[in-house]
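In case you want the letters, here they are:
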Amino acid sequence: MPIKLGVPKESATGERRVALDPATAGRLCGLGVEVLVQKGAGGHAHFPDAAYEEVGARIVGTAAGLLKEADLLLKVQAPSEKEAKALREGATVIATVMAYRHPEVIALMRDRRLTCFAMEQVPRISRAQSMDVLSSQAAVAGYKAAIMGADLSCRFFPMLTTAAGTIRPATVLVIGAGVAGLQAIATARRLGAIVQGYDVRAAAREQVESLGAKFIELPIKAEGEGGYARELTDEERAQQAEALAAHIAKVDVLISTAAIPGRPSPEIISQAMVEGMKPGAVIVDLAAEGGGNCALTQPGKTVRHGAVIVHGPLNVPSQVPLHASEMYAKNLFNFLQPMLAEGELKPDFEDEVIARSLLTRDGAIAHEPTRELVEGAKP
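What you are looking at is a predicted structure, and each value in this text was computed from that prediction instead of being measured.

Take the packing of helix 5 (residues 103-111) against helix 13 (residues 368-375) next. Contact geometry of helix 5 with helix 13 gives a least axis separation of 10 Å together with a crossing angle of 100 degrees. Judged by the angle between their axes, helix 5 and helix 13 are roughly perpendicular. Between helix 5, through P103, I106, A107 and R110, and helix 13, the contact on the second element is made entirely by T370, V374 and E375. Its residues placed into classes, the contact of helix 5 with helix 13 shows four nonpolar, one polar and two charged.

Okay, here's the thing in structure tokens:
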């Protein structure tokens, strides 16, 4: 029998994305999957129920009804305890779980013998690039960060020549040249700002300069595994702070993106650095989810310290819900398609992508760091 794939309305506060857009839902229907979508699930992303019905999906009136039927649940964020309890035993969940934030949900999925794949654990290898939700959603966040900076700034981003004279362009510094940082650089450049980029990974120089920005070179190098920067030592952190302070003092907008998955965000911008910035300067701290790169960041809030604005947005991709949902849905489809055979789910647990993304299965936590978090280290 074809698998019943459920797409619920996201239950997390403020979440506007949906796990499947109508186009991707239609592709899954074409593979023989029975797609069930909760009524209004795509509403915040501007995907009406009728658009799903047109491609062959079935609209289910309530979350309870959908969860009762679903063999496979696709979500943007981790399932809630209520959702995990409502799924039948042995069902499968695919979502961006961020297990370290939800140990009680992980334990519940283990106990109910749910199979759970965590999309943030997809390995960063060439054939899995099309499944990389961290990259797709970081691109959305980076774009939006530049827009936020322009909106909060008291200055124009581009140079303007007017009857009242010429206005110099704003100067933007982006810390962290991963996917989010590079997108922020590209967007700020398109808006006409003079842009600088900094990253502790020397390999980032070429990418920053290819976007027309100036790369700030400091003596600290911190290449890590999987494309991420490693954590700096205390001595390196002090050297970085001293060298960065002079650059930060000159910019109009500072966008910070340095994050370590599963760990608190490194503090890069001290209170003293903020106090040394220009009057009217803006900090957009994309690392606020992990506490923030700035000592003064208050996650989810916009605060003023003297004459400087510090903005700590949360769940930024949700602020661009239509395109963020489309990108996320394509990631899910590319992850799910190899597991589907004649409408049935048949994952190959020996496959590297599937094995490394597996969080829970058959009453056990398969991901060792998560197991230690939930159950403690083995004696």
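Let us look at the domain arrangement of the protein. Considered domain by domain, the protein is made up of domain 1 (4-131 + 324-375) and domain 2 (139-314). A C-alpha centroid distance of 33 Å is found between domain 1 and domain 2.

The next point concerns the sheet that holds strand 2 (residues 34-38). What holds strands together in a sheet is hydrogen bonding between their backbones, with the strands either parallel or antiparallel. Sheet architecture is open: eight strands sit in the order 3-2-1-4-5-6-18-19, paired in mixed fashion. Of all the strands in the sheet, the pair left with one neighbour each is strand 3 (58-60) and strand 19 (364-365). Relative to strand 19, strand 18 (residues 358-361) is paired through two bridges, and the arrangement is antiparallel. Residue pairing in the sheet places R361 in a bridge with A364 of strand 19.

On to the environment of P158. Along the polypeptide, P158 turns up in the loop between helix 6 (133-152) and strand 7 (160-162). The spatial distance from the C-alpha of P158 to the C-alpha of P169 is 4.6 Å, given a sequence separation of 11 residues. Leaving out residues up to four positions away in the same chain, P158 has contacts with I167, R168, P169, L191 and G192.

Before going further, it helps to examine the sheet that holds strand 11 (residues 214-215). Taken in spatial order, the seven strands line up as 11-10-9-12-13-15-14 in an open sheet, and their pairing is mixed. Sheet topology places strand 11 and strand 14 (302-305) at the edges, where each strand pairs with a single neighbour. The pairing of strand 13 (residues 282-285) with strand 15 (residues 308-311) spans three bridges and is parallel. Bridge pairing in strand 15 links I283 to V310. The strands touched by helix 6 are strand 12 (253-256), strand 13 and strand 15; relative to strand 13, the strand with the most contacts, the crossing angle is about 155 degrees.

For the rest of this paragraph, the subject is the packing of helix 6 against helix 7 (residues 179-190). Two quantities define a packed helix pair, namely the angle between the helix axes and the distance between the axes. The N-to-C vectors of helix 6 and helix 7 enclose an angle of 35 degrees; their axes lie 7 Å apart at closest approach. Helix 6 and helix 7 meet at a crossing whose hand is right-handed. Residues S135, A138, A139, G142, Y143, A146 and I147 of helix 6 form the contact with helix 7, whose own contacting residues are V179, A180, Q183, A184, T187 and A188. Across the contact of helix 6 with helix 7, the residue classes tally to nine nonpolar, four polar and no charged.

This paragraph deals with the pattern of salt bridges. Applying the stated criterion to the full structure yields 21 salt bridges. Its salt-bridge partner being E375, residue R110 comes within 2.8 Å of it at the nearest N-O pair. Of the two residues, R110 is situated in helix 5 and E375 in helix 13; the sequence distance between them amounts to 265 residues. Assessed through its relative accessible area of 40%, E375 is described here as partly exposed. Here the residues in one salt-bridge network are R110, D111, E368, R371 and E375, joined through shared partners.

For helix 6, which comprises 20 residues, the first-to-last C-alpha distance of 28 Å matches the rise-based estimate of 28 Å (1.5 Å per residue) to within 8%. Among the residues of helix 6, the N-terminal cap falls to D132, whose side-chain oxygen and the backbone nitrogen of L134 are separated by 3.2 Å.

The subject of this paragraph is the nonpolar core. Counting residues in each nonpolar core, the largest one holds 38 residues, and the members touching the most others are L5, L20, L28, V35, L74, I94 and F335. Secondary-structure elements contributing two or more residues to this core are strand 1 (4-7), helix 1 (22-30), strand 2, strand 4 (72-77), helix 11 (321-336) and helix 12 (352-357). Element by element, the count of residues in this core is highest for helix 11, at six residues.

Next up on the list: the pairing of strand 1. With four bridges joining them, strand 1 and strand 2 adopt parallel strand pairing. Within strand 2, the position partnered with L5 by the bridge is V35. Note on the crossover from strand 1 through helix 1 to strand 2: the handedness is right-handed. By the bridge criterion, two bridges tie strand 1 to strand 4 in an arrangement that is parallel. Among the inter-strand pairings, G6 is bridged to a residue of strand 4, identified as L73.

The next subject is the packing of aromatic side chains. In this structure the tally under the stated criterion is two aromatic pairs. Where F117 meets F335, the ring centres are 5.6 Å apart and the plane angle is 70 degrees; that geometry is what we call edge-to-face. Highlighted residues: F117 in strand 6 (residues 115-118) and F335 in helix 11, separated in sequence by 218 residues. Here F117 and F335 have matching classes, each one buried. Classification of F117 as buried rests on a relative accessible area of 1%. A network of ring pairs unites the aromatic residues F117, F335 and F349 as a single cluster. Here the guanidinium or amino end of R27 rests over the ring plane of F333, the centre of that ring lying 3.8 Å away. The aromatic ring of F349 is capped on one face by R361, whose charged end is 3.5 Å from the ring centroid.

Basis of the calculations
Residues numbered from 1 in each chain as written. Predicted model: local features only at pLDDT ≥ 70, side-chain atom pairs only at ≥ 80, totals over all residues. Heavy atoms only, no water. Axes fitted to C-alpha atoms, helices over the stretch in contact; angles between N-to-C directions. Helix = DSSP H or I, 4+ residues; strand = E, 2+ residues; numbered from the N terminus. Parallel < 35°, antiparallel > 145°, perpendicular 65-115°, else oblique. Contact = heavy atoms within 4.5 Å. Nonpolar A, V, L, I, M, F, W, Y, C, P; charged D, E, K, R; others polar. Domains from an automatic or database assignment. Pairing = 2+ DSSP bridges. Left-handed = near helix turned anticlockwise from the far one by under 90°. Salt bridge = Lys/Arg side-chain N within 4 Å of Asp/Glu carboxyl O. Buried < 20%, exposed > 50% of the residue type's maximum accessible area, 1.4 Å probe, protein only. Expected span 1.5 Å × (residues − 1). Polar contact = N/O pair within 3.5 Å; in protein donor to acceptor, adjacent residues only side chain to side chain. Core = buried A, V, L, I, M, F, W, Y, C linked by side-chain atoms within 4.5 Å. Right-handed = clockwise from strand over helix to strand, strands pointing away. Phe/Tyr/Trp six-rings, centres within 6.5 Å; stacked < 30°, edge-to-face > 60°. Lys NZ or Arg CZ within 6 Å of the ring centre and 35° of its normal.

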